[in-house]
Amino acid sequence: MKRLLVVVLGCIALFAAAPGQADARECGLPNKAPLWVDFADGSVPYWTMFARPGVIAAAANFIYPPQIRALGAKTVYWEMNFRQRVGTPTNPLTPEESREWADRIFYRAVASSACATPWIALNEMWGSNLATPWSPTNSQYRQNVIIFAKRLRELGARPFLLLSTRPFTDGEAGDWWREASLYADFVREIYFNARQLNAQGPVLASRTLRNAFRQGVTDLTEVGVPPSKIGIFLGFHTNPGQGGREGLKPASAWFNTIKLQVLAAKQVSRELRFATIWSWGWGEWSASDRDPDKPAAACVYLWTRDHRLCDGPPVAGPGFDRRLTVGQLNVPPGAQCTTPWGPVRSNELGGLARVTGDREIAFTSLFARLVLKGYVKVKGKEVRAAERAIVRYRFGGSGAAYRGALARAGASRSMALGVIADELRQARIERRFQVQSPSGAQVASYQESYSDTPARFVEATPAQWWLGRRKRGVAIQGLAPAAVFGIPAHKLVTLKTQDGALKVRALGPTAPLGAFSIQAAASSIRAALVRIAQDQVFDNWLMRRESSALAATTCRRDWLPSVGPMELTSELPFLALAS
């Protein structure tokens, strides 16, 4: 040990004296982010694939790192048995032992890396997900981790603490993570079952990956750990139960999921500016680790990172999708999302959010509109005709009054036309839905609940749905055309509605619905109940299709609309269709 220490100290002096480059950091590593680091020591039979310029290899001994560097790669030190240096949450070492081990590991890393200020990967922290209050042994273990990392920093190393589980950061646990980040980087291991990713398809799988990587970073940044001290770990294992290939065949399907993982890591690194991306799973220690497709998988991984590192597509063979845009956030300027039916435009979303006062409601409504457009078309002349009916019967034919109502609501005419078109589409879809006929008890309950609603006894030609497909009955406000309630008693008038012209005669004054006999009002109430039921069926029908559509929808930062009904007439009630 003394002889090794003398040699290492001599190396430190030599390394420290060597001139550095302006664009380099510790150990000649590139001064950029993120840095990619790949496990590639002698346990990786094809380690030479990683031994090339542009690659940083993590290795655990003194044999392979010099050979890797000789072929042009950089190296960092891999400490495989961190638990033997600090203990475990149930059986921690003493603080003195942890500090002594830190000294030993530092000098090993210096000799292995040929660098006085080595990067050291610590595999791995146990119990990062344990909630507080911690047991006495876990508290000691946590103290040992900080002692170990702090000592490495004092000696000049940069330790990277690998986290196999999602860290618990609430309350006083957050204090521990903030303190530990003063001395160590954190690398969150985020592994995926390739079979599940493949089943999701490239759009949904890529979204799953990006969201998981974001969470892996933000779990720590939200408690004050800077992104510059955070990394993520990708896993390409082949042994079952580890979150890797998991038997996925053919090999090209696995290679496609590897490509998507690399692309997702790149995207999230651009968003959150974290420091490092690591890869693992290349080693082969037992029969379950061995897979003849691993070298090709490594080549695809390297190629997706940088085409100069390996010629991935020919190695991957038939079935591999070499496109780097499928499933990615390729949203055009001016759009929040792209869908098979068109974009959700950012300016439309912003304008509508000012009307609703809730961006989520606006977002959901615009998305629902696009989905609905895929099932039913309306013509511009039909929308304008419905608008004229609204102006005629709700605003007395005054365009100025109509425009004033829009202005007070903060809505433009184009927004209004969009809402009216939504209603026309909904009405056409709803007509297809067959619902159960209301019972007598439901009719009575409706009249009791809405007894104060204005109503009027009328006759109409032709028969109207709002009279229960009859020519005579009780017109209920909100169901019948609004103009019905302005007709002079006993006068016959012609009304123009979205369904065409009709002749209506008011047979009496307007009165509360509760003033009419149940027999007189029953057919109209049944029509109202059927419409309510159709509205509910429509909402469920639309939301199911929205859920399916999300799998083919791509949005900036994966901020997707919520699945829900269209609610814009709640904010703009005067745009409800004038029947």
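Residues numbered from 1 in each chain as written. Predicted model: local features only at pLDDT ≥ 70, side-chain atom pairs only at ≥ 80, totals over all residues. Heavy atoms only, no water.

S.K.: Looking at this structure, how should I read the pattern of salt bridges?
M.R.: Opposite charge on two side chains allows them to pair when their charged atoms are near. Scanning all chains against the criterion turns up 24 salt bridges. A salt bridge links Glu 271 to Arg 557; the shortest N-O distance between them is 3.0 Å. One end of the pair, Glu 271, is in helix H8 (residues 251-272); the other, Arg 557, is in the loop between strand S16 (554-555) and helix H18 (568-571), and 286 residues separate them in sequence. For the salt bridge of Arg 308 with Asp 306, the shortest nitrogen-to-oxygen distance reads 2.8 Å. A relative accessible area of 72% means that Arg 308 is categorised as exposed. One network of salt bridges, with partners in common, ties together Arg 210, Arg 214, Glu 271, Arg 557 and Asp 558. (Salt bridge = Lys/Arg side-chain N within 4 Å of Asp/Glu carboxyl O. Helix = DSSP H or I, 4+ residues; strand = E, 2+ residues; numbered from the N terminus. Buried < 20%, exposed > 50% of the residue type's maximum accessible area, 1.4 Å probe, protein only.)

S.K.: Teacher, can you tell me more about the packing of helix H11 (residues 346-356) against helix H12 (residues 359-373) here?
M.R.: Helices that pack against each other are described as a pair by the angle of their axes relative to one another and the distance between those axes. Remark: H11 packs on H12, axes separated minimally by 8 Å, with the N-to-C direction vectors making an angle of 125°. One way to sum up the angle between H11 and H12 is to call them oblique. For the element pair H11 and H12, the recorded crossing hand is right-handed. Residues Glu 348, Leu 349, Gly 350, Leu 352, Ala 353 and Thr 356 of H11 form the contact with H12, whose participating residues are Arg 359, Ile 361, Ala 362, Phe 363 and Leu 366. When its residues are assigned to classes, the contact of H11 with H12 shows seven nonpolar, two polar and two charged. (Axes fitted to C-alpha atoms, helices over the stretch in contact; angles between N-to-C directions. Parallel < 35°, antiparallel > 145°, perpendicular 65-115°, else oblique. Left-handed = near helix turned anticlockwise from the far one by under 90°. Contact = heavy atoms within 4.5 Å. Nonpolar A, V, L, I, M, F, W, Y, C, P; charged D, E, K, R; others polar.)

S.K.: How should I be thinking about the pairing of strand S11 (residues 454-464) in this particular structure?
M.R.: In regular strands, side chains alternate between the two faces of the sheet. The sheet contact formed by S11 and strand S15 (residues 511-512) spans two bridges and is antiparallel. Counted as the bridge partner of Pro 454 is Pro 512 from S15. Bridge count between S11 and strand S12 (residues 470-476): six bridges; the pairing is antiparallel. Bridging across to S12, Val 458 finds its partner in Gly 473. In sequence, S11 turns back onto S12 through a hairpin of five residues, with Gly 468 there showing a positive phi of about 75°. In this sheet, strand S14 (residues 500-506) lies alongside S11 in antiparallel orientation, the contact comprising four bridges. Paired with Thr 461 across the bridge in S14 is Lys 503. (Pairing = 2+ DSSP bridges.)

S.K.: Where do I start with the side chain of Ser 112 in this structure?
M.R.: By the element assignment, Ser 112 lies in helix H4 (residues 95-113). Given a relative accessible area of 1%, Ser 112 falls into the buried group. In this view, Ser 112 contacts Ala 59, Asn 61, Phe 62, Pro 65, Arg 69, Thr 75 and Tyr 77; residues no more than four positions away in its chain are not counted.

S.K.: Would you mind going over the state of the cysteines with me for this structure?
M.R.: Simply put, disulfide is the name for a covalent bond between the sulfur atoms of two cysteines. Counted according to the given criterion, the structure contains three disulfides. Note on cysteine connectivity: Cys 27 is disulfide-linked to Cys 115, with sulfurs 2.0 Å apart. Because the torsion about its S-S bond is -85°, the bridge between Cys 27 and Cys 115 counts as left-handed. You can see Cys 27 sitting in the loop between helix H1 (2-17) and strand S1 (35-39) and its partner Cys 115 sitting in the loop between H4 and strand S4 (119-125), a full 88 residues away along the chain. (Disulfide = S-S within 2.5 Å.)

S.K.: I'm lost on the environment of Phe 168 in this one. Help?
M.R.: In this fold, Phe 168 is placed in the loop between strand S5 (158-163) and helix H6 (172-180). When sequence neighbours within four positions are dropped, the list of residues in contact with Phe 168 reads Ser 128, Asn 129, Leu 130, Ala 131, Thr 132, Ala 173 and Trp 177.

S.K.: How do you make sense of the sheet that holds S16 when you look at a structure like this?
M.R.: Strand pairing within a sheet occurs via backbone hydrogen bonds; the two strands may be parallel or antiparallel. Ordered by their spatial adjacency, three strands build an open sheet running S10-S9-S16, and the pairing between neighbours is antiparallel. The two strands at the open ends of the sheet, each matched to only one other strand, are strand S10 (342-345) and S16. Where strand S9 (residues 335-339) meets S10, four bridges bridge the pair, whose relative direction is antiparallel. Residue Ala 335 lies in a different strand from S10, and its bridge partner there is Arg 345.

S.K.: Would you explain the sheet that holds strand S3 (residues 74-79) in this entry?
M.R.: One closed barrel accounts for eight strands, arranged S1-S2-S3-S4-S5-S6-S7-S8; its pairing is parallel. Ignoring strand direction, the axes of neighbouring strands in this sheet form an average angle of 30°. Against the sheet, helix H7 (residues 194-221) makes contact with S5, strand S6 (185-189) and strand S7 (230-235), and its axis sits at roughly 150° relative to S7, the strand it touches most. The strands that helix H9 (residues 294-305) touches are S1, S7 and strand S8 (276-280); relative to S1, the one it contacts most, it runs at about 175°.

Honestly, that's just the spatial picture; any functional story needs more than this.
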